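What follows is each chain in one-letter form.
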Amino acid sequence: MDTSPLAPGLYIVATPIGNLGDMTRRATDTLGRCDLVACEDTRVTGKLLNLLGLHKPMRRYDDHASDGAREALLAEMAVKAVALVSDAGTPLISDPGYRLVREARARGISVTSLPGASAVVTALSMAGLPTDRFLFAGFLPNKEKARGDVLTELSGVPATLAFYETGPRLVASLEAIAERLPGREVAVARELTKLHEECRSGSAAELAAHYSVQPPKGEIVLLIAPPGEAEAPEDDVIDAELRAALAEMSTSQAAGKVAKALGLDRKVLYARAMALKE
């Protein structure tokens, strides 16, 4: 290993998401030669450094860090080599660091990124869904309405959708997908690079039923196939849906419900519903 000091600046270092063998030689070399490691959790990073046989001063840094803490790190990297790591994977990918990188670049501080493990890229490469275009959107909101609103907002994006998720929230998210994005293929990739790695695909409803019985553990990547080129429903199908809805709710509510279910314009359906009532 090269023991010469690194040039001052910020070094963004990807770390394994599970399998220690995914730590690159360059990443290990950089951590061994840097002056300071900025990390989310010193306990997690401390274990990694110990496994690599390295001993480095560490400083906690996340997106909740004070302006003073960020300023102190920026001052350090102006004269020292500072490595930024997250608890697992590539920093800044739904992990802390963007504000620090932005400010470092604005001040002319050298920023170097070392590629490595990333859960979302690993999941995309193994799930069998289109990868020529994808949108990574971090974590879905925890609250039911907000989660549904995000899915509706992204429903028309012509790309595979990628989210991070946790075991306790997975079934609720799958049920929301089944309601807001019916007919889409979904993949659940979890425990990536670890002993019990799993990638299961199917409809959101099927996966929700499976994981309701077998609660998942570990960190999860949730993928949703892009929208297909569905044909517009026939007029008699639209009218049947509207009549059924009108029997239970107001004209405005019926138009909104059928518009969401069939992916049609609400104003057009409102006029059609009024005509049916007359």
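Residues numbered from 1 in each chain as written. Predicted model: local features only at pLDDT ≥ 70, side-chain atom pairs only at ≥ 80, totals over all residues. Heavy atoms only, no water.

Colleague: Looking at this structure, I do not really get the nonpolar core. What am I missing?
Modeller: Considering soluble globular proteins, one finds that nonpolar side chains tend to be buried as a cluster. The biggest cluster of nonpolar side chains holds 20 residues, and the ones touching the most others in it are Leu174 and Leu222. For this core, the elements supplying multiple residues, two or more each, are helix H6 (144-154), strand S7 (160-166), helix H7 (167-180), strand S8 (185-190), helix H8 (204-213) and strand S10 (219-224). With five residues, H7 is the single largest residue contributor to this core. For Leu222, the contacting residues outside a window of four places in its chain are Leu140, Leu161, Ala162, Phe163, Leu170, Ser173, Leu174, Ile177, Val186, Ala187 and Val188. In terms of nonpolar packing, the next biggest core, distinct from the first, is built from 16 residues, Ala123, Ala187, Leu192 and Val221 among them. (Core = buried A, V, L, I, M, F, W, Y, C linked by side-chain atoms within 4.5 Å. Buried < 20%, exposed > 50% of the residue type's maximum accessible area, 1.4 Å probe, protein only. Helix = DSSP H or I, 4+ residues; strand = E, 2+ residues; numbered from the N terminus. Contact = heavy atoms within 4.5 Å.)

Colleague: What is the right way to look at the sheet that holds strand S6 (residues 134-139) in this model?
Modeller: Pairing within the open sheet is mixed, and its five strands lie in the order S6-S7-S10-S8-S9. Each having just a single partner strand, S6 and strand S9 (198-203) make up the two edges of the open sheet. For this sheet, the mean inter-axis angle between neighbouring strands, taken without regard to orientation, is 20°. Bridge analysis of S8 against S9 gives six bridges, and the strand direction is antiparallel. Along S9, the bridge assignment pairs Glu185 with Ser203. (Pairing = 2+ DSSP bridges. Axes fitted to C-alpha atoms, helices over the stretch in contact; angles between N-to-C directions.)

Colleague: Where do I start with helix H4 (residues 98-106) in this structure?
Modeller: Along an α-helix, residues three or four positions apart point the same way, because every turn accommodates 3.6 residues. By the burial criterion, the buried members of H4 are Leu100, Val101 and Ala104. End-on, the buried residues of H4 take up no more than an arc of 95°, which puts them together on one face. What points out from H4, more than 90 degrees from its buried face, is the exposed set Arg102 and Ala106. Of the residues trailing H4, Gly108 is marked for its positive phi of about 80°. (Arc of directions from axis to C-beta.)

Colleague: Just checking my understanding: could you explain the state of the cysteines for this structure?
Modeller: Covalent bonding between the sulfur atoms of two cysteines is what defines a disulfide. Under the criterion given, the structure shown has zero disulfides. Free of any disulfide, Cys34 has its nearest cysteine sulfur in Cys39, 10 Å distant. (Disulfide = S-S within 2.5 Å.)

Colleague: Looking at this structure, I do not really get the environment of Ala273. What am I missing?
Modeller: If you trace the backbone, Ala273 turns up in helix H11 (residues 266-277). Classification of Ala273 by relative accessible area gives buried; the value is 0%. Linking Ala273 and Ala254, residues 19 residues apart in sequence, is a C-alpha distance of 7.8 Å. In this structure, Ala273 is in contact with Leu242, Leu246 and Thr251, ignoring residues within four places of it in sequence.

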